[in-house]
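Understanding the architecture of this molecule
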Amino acid sequence: MQEKSIVFPGMGSDEQLVLDTLLGDDKEEIDIVIKDDIESDAFVRSFNAIAKAYNRVENVGLRLRPIIGRMIGLIQKRPDLVKAFGCKDYNDFMTNKVRPVFNLNRSEAYKVKGIVDAMPWLTGEDYAEVGTGKLSLITKSTKDKTETESLRRERVELVDAAKKLSYDELAQHIHNRGLADREVLLAAEITLKTSQEGR
């Protein structure tokens, strides 16, 4: 029986064919799928198709993060949703559902939830383009302020700036605007680096 193709939107037909060949039987040993004596042009096609598919999957995962954060927030507020999963409480849900299903550790899940709580207007595209680290920095630098329309505008401006700036440049931009002192920004950077090393 022929395995069903994994379809990657935006892939050309020959790229899709390469992926079908490479992923067609995922029980096949890797050294048989990519042989030592593979022709160079076949290797280049395979490499490029896998890179394109991998980046699409990675991008989809980032686009889904704000939705995951929103769901975690709702679960925390609504015990009926916790019970719907057969979990005894919120902690049980975080441990036995979020971690194994989304492969997010607890601190990363709370970070995503915090970002969405602070900026519920974010789109999946914003999240994928800016990333968790910079969005978390924006959230931490503006979290102690009362929610107002001007705070929302300020966060929108920071998200737009973050699309063009590196993490360090964004931290300097936030500091220059007087939104956070260097200690807050340094603590956020240490947290980011520690969570990246723990992956």
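Just so it is clear, the structure is predicted and the values come from calculations on it, not from any experiment. (Residues numbered from 1 in each chain as written. Predicted model: local features only at pLDDT ≥ 70, side-chain atom pairs only at ≥ 80, totals over all residues. Heavy atoms only, no water.)

What follows is about the side chain of serine 141. Position of serine 141 among the secondary structure elements: in helix 8 (residues 132-142). Given a relative accessible area of 5%, serine 141 falls into the buried group. A polar side-chain atom of serine 141 sits 3.0 Å from the main-chain carbonyl oxygen of isoleucine 138. Beyond its immediate sequence surroundings of up to four residues, serine 141 is in contact with Ile174, Leu179 and Ala180. (Helix = DSSP H or I, 4+ residues; strand = E, 2+ residues; numbered from the N terminus. Buried < 20%, exposed > 50% of the residue type's maximum accessible area, 1.4 Å probe, protein only. Polar contact = N/O pair within 3.5 Å; in protein donor to acceptor, adjacent residues only side chain to side chain. Contact = heavy atoms within 4.5 Å.)

So, about the pattern of salt bridges. Applying the stated rule across the entire model yields eight salt bridges. Taking the shortest distance from any N to any O, the salt bridge between aspartate 41 and arginine 45 comes out at 3.4 Å. With a gap of four residues between them, aspartate 41 and arginine 45 both fall in helix 3 (residues 40-77), about one helical turn apart. The exposure class of aspartate 41 is partly exposed, given its relative accessible area of 47%. According to the relative accessible area criterion, arginine 45 is partly exposed, its value standing at 43%. Salt-bridge contacts for glutamate 108 lead to arginine 65; the nearest nitrogen and oxygen are separated by 2.8 Å. Here arginine 65 lies in helix 3 and glutamate 108 lies in helix 6 (residues 106-118), a separation of 43 residues in the sequence. Owing to a relative accessible area of 5%, glutamate 108 belongs among the buried residues under this scheme. (Salt bridge = Lys/Arg side-chain N within 4 Å of Asp/Glu carboxyl O.)

Of all the residues in helix 5 (residues 90-102), the buried ones are Tyr90, Asp92, Phe93, Met94 and Val98. On its buried face, helix 5 is in contact with helix 3, helix 4 (79-84) and helix 6. One side-chain oxygen of the residue at the start of helix 5 lies 3.2 Å from the amide nitrogen of asparagine 91, identifying that residue as aspartate 89. Taken from the residues just after helix 5, asparagine 103 is the one with a positive phi, measuring 55 degrees.

Inspection of the secondary structure puts tyrosine 90 in helix 5. Tyrosine 90 sits in the buried class, given a relative accessible area of 14%. Tyrosine 90 sits twelve residues away from arginine 78 along the chain, and the two C-alpha atoms are 9.2 Å apart. Leaving out residues up to four positions away in the same chain, tyrosine 90 has contacts with Ile72, Ile75, Gln76, Val82, Tyr110 and Lys113.

In this section: the nonpolar core. One finds Met119, Leu122, Leu135, Ile138, Val159 and Ile174 to be the most contacted residues of the largest nonpolar core, which totals 20 residues. Looking at this core, the elements that each hand over two or more residues are helix 6, helix 7 (124-130), helix 8, helix 9 (149-162) and helix 10 (167-176). Among the elements that take part in this core, helix 10 stands out by supplying four residues, more than any other. Excluding its chain neighbours within four sequence positions, the residues that come into contact with methionine 119 are Leu135, Ile138, Thr139, Arg155 and Val159. If you look at the next biggest cluster of nonpolar residues, it comprises eleven residues, including Ile72, Ile75, Phe93 and Val98. (Core = buried A, V, L, I, M, F, W, Y, C linked by side-chain atoms within 4.5 Å.)

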